[in-house]
Amino acid sequence: MDHVRVHPKFLHSNATSHKWVLGAFAELLDNSLDEVCNGATYVNIDMLINKKDGNKMLLIEDNGGGMDPDKMRQCMSLGYSLKSKVADVIGQYGNGFKTSTMRLGADVIVFTRCSGKDGKRSTQSIGLLSYTFLRSTGKEDILVPMLDYQKDGQEWKKLIRSSPGVWNKNVEAVVQWSPFSSEASLLKQFDHINDQGTRVIIYNLWDDDQGQLELDFDADEEDIQIRGVNRDEKNIQMANTYPNSRHYLTYRHSLRSYASILYLRIPPGFRMILRGKDIQHHNIVNDMMMVTEITYRPMPNADKVSQNSNIVAVVTMGFVKDAKAHIDVQGYNVYHKNRLIKPFWRLWTAAGSDGRGVIGVLEANFVEPAHDKQGFERTIVLSRLENRLIQMQKDYWRSYCHRIGYAKRAANSSALNGEYSPETSSKKKKAASIPPSISSNKHQKLKSTPLTVNIPDDDLETTPRYTNGGSHNGNTAKESTRNDASQSRFAVVGENGSDPINSSAPGLYQLVEENSRLKEQLEKRDEDVLGDHLRDLERQRNQRKALEAQLEEVKEKFENLNKEQGRMIDIFAEEKDTHETEAALLRKKLKEATAKKQDLVERVKRLELEKMKSHQWSAGNKVG
């Protein structure tokens, strides 16, 4: 069969799936963490200098199992992954290495050493994936020059897979298009690798729109940061004032900050090193106060979610310890298989200050991440999770916002003895909404046509925990949920249109109560929708004002330019007149000087002629 050809341009277009450059770093860190099962104890990220041109390069290396020649070729291939059927590993699609390295720079060279196992000899390989090489030589297919070596005793010998001629061409290509000037300097890179490991060097790093390196190595000698829109100097200053909010304020531009929260758990003994200094793992739960835990259980049979009852997500949430300063910090850190997918995911965008200061963390293994691992696939399960997280934040905020200095909200959730319970307990309001005729005659008989109401089981199970002490009074939300589920179907029966309520009146009571609760939810949703529209309107007004201000500024600049142009024209005209006057004067003087010179020349000629005649007359007299 014919093979599909892949043009080198695909490398660049495929890499743009990483819109955020730190997401590309995360892919490479994932690869190193996945190697823990093969003995990896560290991953090191650093900056190197290209000796050929003096430019900066990126180094990512680990001491994992390395790759043999076959695995090296699979690594350089598109869409090939040995991890797709391995449990608890992060990489699944076989595309992360290519997209991440090409997102950081135009070229990458890989050095890897694999110790011999199962009677096989140790091998080491060099591979060059170079966009510069492919485009400069006009290649229409993605070609990857590779060099393989096999250990024979204490020496490394060439492992020629095709022919010596092809080997020599690969050496020439790698030497010409890599930062290294000879095969010997290439092999010297293996001195940094012991028995096994991988060393990745990315060079020809990309520039931003201003022509500077997108990565900033100079702002902090122990960090790698990003220039541009992700960097906010105001947030950097605030991070120094509010240390418990530092990760929220700096993770978008600082690799050290982002990598410290990238994983929910770090294997014992594993180190992440950035520019010579260890990255300290951080769990944002340590930044919380008034902590509460809620167990979320997804509904089965939705988007092929397993019916395994162990599939749950424990949502830990609370106020950030700097919340009393009323800074706008909020959102959920959502992890998948230990990997951070959505950092500080902001779901509730309420009008005003509602929701500020509430942060949370959860591991949701029942939703699938997108290919760039910076978001989730849009599914029903994800939509339900979003709705639950929004409701959890609303309930928590309305229950405790007054404790950090905000005005107490009217619709508070139940709070018993300082403890948090996320279930909505406004039974008094619901009871008040029941018509008096029903509540006062609930023991009378009601005869009407049959009425059946189905209430689906809720998928939220709560286990509240409040760190400031206290104990629960009354039933837990979990018991309440079970009781509601056990009464999910009921009927009210009567006949002859009579009004008295019979022994099934509690069912009707529940119906009215459920109706009241639904009305409250609709009112809240209407408020949220209205708030969204108001915010959109305000944002559009602000945008219009900003555009009008920009237009006025442009008009003023245009007028100033016109005035400046008029002044320059006047100056040029005046200088032109001055130059013409001076030129006329100089021409007049030149003419006078020329005439004077001509007169002097004629006078000299006359004097010479008279002198000659005088000499002739004197000579004649002597002869006479």
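Residues numbered from 1 in each chain as written. Predicted model: local features only at pLDDT ≥ 70, side-chain atom pairs only at ≥ 80, totals over all residues. Heavy atoms only, no water.

1. A look at the sheet that holds strand 11 (residues 277-278)
Alright, step 1. Taken in spatial order, the nine strands line up as 6-5-4-3-7-2-1-10-11 in an open sheet, and their pairing is mixed. Of all strands in the sheet, those bounded by a partner on one side alone are strand 6 (155-158) and strand 11.
Alright, step 2. With five bridges joining them, strand 4 (residues 123-130) and strand 5 (residues 146-152) adopt antiparallel strand pairing. Considered in strand 5, the bridge of Gln124 is made with Tyr149.
Alright, step 3. Here helix 3 (residues 69-76) sits on the sheet in contact with strand 3 (105-114), strand 4 and strand 5, set at roughly 20° to strand 4.
Alright, step 4. Seen against the sheet, helix 4 (residues 96-104) touches strand 2 (56-62), strand 3, strand 4 and strand 7 (197-205) and runs at an angle of roughly 130° to strand 3. (Pairing = 2+ DSSP bridges. Helix = DSSP H or I, 4+ residues; strand = E, 2+ residues; numbered from the N terminus. Contact = heavy atoms within 4.5 Å. Axes fitted to C-alpha atoms, helices over the stretch in contact; angles between N-to-C directions.)

2. A few points about the confidence of the model for the chain
Alright, step 1. Of the residues in the chain, 77% reach a pLDDT of 70 or more, and the chain-wide mean stands at 80.
Alright, step 2. Below a pLDDT of 50 lies the segment residues 83-94, which in the model reaches 32 contacts outside its immediate sequence neighbourhood of four places, other chains included.
Alright, step 3. When the criterion is pLDDT under 50, residues 412-505 qualifies, and its contacts beyond four places in sequence or with other chains add up to 168 contacts. (pLDDT = per-residue confidence, 0-100.)

3. Points about the packing of aromatic side chains
Alright, step 1. In total, this model carries 14 aromatic pairs according to the counting rule given.
Alright, step 2. With a centroid separation of 5.7 Å and 85° between ring planes, the pair formed by Phe111 and Phe180 is classed as edge-to-face. Note that Phe111 is positioned in strand 3 and Phe180 in the loop between helix 6 (164-177) and helix 7 (183-188), a separation of 69 residues in sequence.
Alright, step 3. Accessibility expressed as a relative area gives 11% for Phe180, which makes it buried.
Alright, step 4. Relative to Phe344, the ring of Tyr251 lies with its centre 5.7 Å away and its plane at 40°, an arrangement referred to as tilted. Within this pair, whereas Tyr251 is found in the loop between helix 9 (246-250) and helix 10 (255-260), its partner Phe344 is found in strand 15 (residues 339-345), the two being separated by 93 residues in sequence. With respect to burial, Tyr251 and Phe344 carry one shared label: buried.
Alright, step 5. Three or more aromatic residues joined by ring pairs form one cluster here, namely Trp20, Tyr248, Tyr251, Tyr258 and Phe344. (Phe/Tyr/Trp six-rings, centres within 6.5 Å; stacked < 30°, edge-to-face > 60°. Buried < 20%, exposed > 50% of the residue type's maximum accessible area, 1.4 Å probe, protein only.)

4. Examining the pairing of strand 12 (residues 288-296)
When a strand is regular, its side chains alternate between the sheet's two faces.
Alright, step 1. Most of strand 12 is tucked away, with seven of its nine residues classed as buried.
Alright, step 2. In this structure, strand 12 lies alongside strand 13 (residues 313-320), joined through seven bridges in antiparallel fashion. Bridging from a neighbouring strand, Glu293 pairs with Thr316 of strand 13.

5. Examining helix 2 (residues 21-34)
Alright, step 1. The first and last C-alpha atoms of helix 2 sit 21 Å apart over 14 residues, in line with the 20 Å expected at 1.5 Å per residue.
Alright, step 2. Across the 14 residues that make up helix 2, a large majority, 13, are buried. (Expected span 1.5 Å × (residues − 1).)

6. Brief notes about the pattern of salt bridges
Alright, step 1. For the structure shown, the criterion picks out 22 salt bridges.
Alright, step 2. Here Arg231 ties to Glu233 by a salt bridge, and the two come within 2.9 Å at their closest N and O atoms.
Alright, step 3. Classification of Glu233 by relative accessible area gives partly exposed; the value is 43%.
Alright, step 4. The network of salt bridges with common partners includes Asp328, Arg346 and Arg356. (Salt bridge = Lys/Arg side-chain N within 4 Å of Asp/Glu carboxyl O.)

7. Quick look at unusual backbone geometry
Alright, step 1. The backbone phi angle of Lys337 is positive, close to 50°, even though this residue is not glycine.
Alright, step 2. With respect to the element layout, Lys337 can be found in the loop between strand 14 (331-336) and strand 15.
Alright, step 3. The class for Lys337 is partly exposed, based on a relative accessible area of 31%.
Alright, step 4. One non-glycine residue, Asn338, lies in positive phi territory at about 80°.
Alright, step 5. Position of Asn338 among the secondary structure elements: in the loop between strand 14 and strand 15.
Alright, step 6. In this structure Asn338 comes out as buried when scored by relative accessible area, which is 11%.

8. Remarks on a negative patch on the surface
Alright, step 1. A cluster of acidic residues, Asp570, Glu574, Glu575, Asp577 and Glu580, forms a negative patch at the surface.
Alright, step 2. Relative to the assigned elements, Glu574 resides in helix 15 (residues 505-623).
Alright, step 3. With relative accessibility at 54%, the residue Glu574 sits in the exposed group. (Patch = residues over 30% accessible without salt bridge, like charges linked within 9 Å, V, L, I, M, F, W, Y side chains within 5 Å. Areas by Shrake-Rupley, 256 points an atom, 1.4 Å probe, with all protein chains shown as cover. Lys, Arg positive; Asp, Glu negative; His and termini not counted. Charge placed at Lys NZ, Arg CZ, Asp CG, Glu CD.)

9. Side note on the pairing of strand 4
Alright, step 1. Within strand 4, eight of the eight residues are buried, leaving the element largely enclosed by the surrounding structure.
Alright, step 2. Burial of the side chains of strand 4 extends over both faces: Thr123, Ser125, Gly127 and Leu129 are buried on one face and Gln124, Ile126, Leu128 and Ser130 on the other.
Alright, step 3. In terms of strand pairing, strand 3 meets strand 4 through eight bridges, oriented antiparallel. Pairing of Thr112 across the sheet is with Ser125, part of strand 4.

10. Observations concerning the side chain of Asn63
Alright, step 1. By the element assignment, Asn63 lies in the loop between strand 2 and helix 3.
Alright, step 2. Of note is the side chain of Asn63, whose polar atom sits 2.8 Å from the side chain of Thr41.
Alright, step 3. Of note is the side chain of Asn63, whose polar atom sits 3.4 Å from the backbone nitrogen of Tyr42.
Alright, step 4. When sequence neighbours within four positions are dropped, the list of residues in contact with Asn63 reads Gly39, Ala40, Thr41, Tyr42, Gln196 and Gly197. (Polar contact = N/O pair within 3.5 Å; in protein donor to acceptor, adjacent residues only side chain to side chain.)

11. Points about the environment of Lys9
Alright, step 1. Within the secondary structure layout, Lys9 lies in helix 1 (residues 9-15).
Alright, step 2. On the accessibility criterion, Lys9 (48% relative accessible area) is partly exposed.
Alright, step 3. The contact partners of Lys9, leaving out residues within four places of it in the chain, are Tyr131 and Arg135.

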